[in-house]
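# Summary of structural features
The chain contents come next:
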Amino acid sequence: MDLKLNDKKALVFGSSTGLGRAVAQSLLNEKAKVFLNSRSADRLELSVKELRAHGGVLADLTQANEAKRATLEA
C-alpha cells in the first residue's frame, strides 16, 4: 500500500520493541524517515542496527540540540 509517506519524517516513541517497533518498521516500509526512541539504550541500539538498512539518523534525545541536529540531517 502506498500511503505517500516518502521522505516524510516520523518520531516513534517506544520503538525498540513490540508495537512501537512494528510501527517504525511499517513507516520505514512506506519510505518515511523514522526517528526511533526508547528508554533502553541497548534495545534501541539493536533496533537501529537491524533497521538501519532502511536508512536513518541516530540521535540521543537526552542531549541538548540532538533533536534539532537529527531533523536537519534527515
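Summarised in this report is the structure supplied together with it. (Residues numbered from 1 in each chain as written. Predicted model: local features only at pLDDT ≥ 70, side-chain atom pairs only at ≥ 80, totals over all residues. Heavy atoms only, no water.)

This brings us to a nonpolar patch on the surface. Together, Leu11, Phe13 and Leu61 give the surface a local cluster of nonpolar side chains, amounting to about 300 Å² of exposed area. Tracing the backbone through its elements, the reader meets Leu61 in the loop between helix H2 (41-51) and helix H3 (66-73). (Patch = residues over 30% accessible without salt bridge, like charges linked within 9 Å, V, L, I, M, F, W, Y side chains within 5 Å. Areas by Shrake-Rupley, 256 points an atom, 1.4 Å probe, with all protein chains shown as cover. Salt bridge = Lys/Arg side-chain N within 4 Å of Asp/Glu carboxyl O. Helix = DSSP H or I, 4+ residues; strand = E, 2+ residues; numbered from the N terminus.)

Only one face of strand S1 (residues 9-12) is covered, namely the face carrying Ala10 and Val12; the face carrying Lys9 and Leu11 is uncovered. Of the pairings in the sheet, the one linking S1 to strand S2 (residues 33-36) comprises four bridges and is parallel in character. Bridge assignment links Val12 to a residue of S2, and that residue is Leu36. Viewed along the sheet, the connection from S1 through helix H1 (residues 18-29) into S2 turns out right-handed. (Buried < 20%, exposed > 50% of the residue type's maximum accessible area, 1.4 Å probe, protein only. Pairing = 2+ DSSP bridges. Right-handed = clockwise from strand over helix to strand, strands pointing away.)

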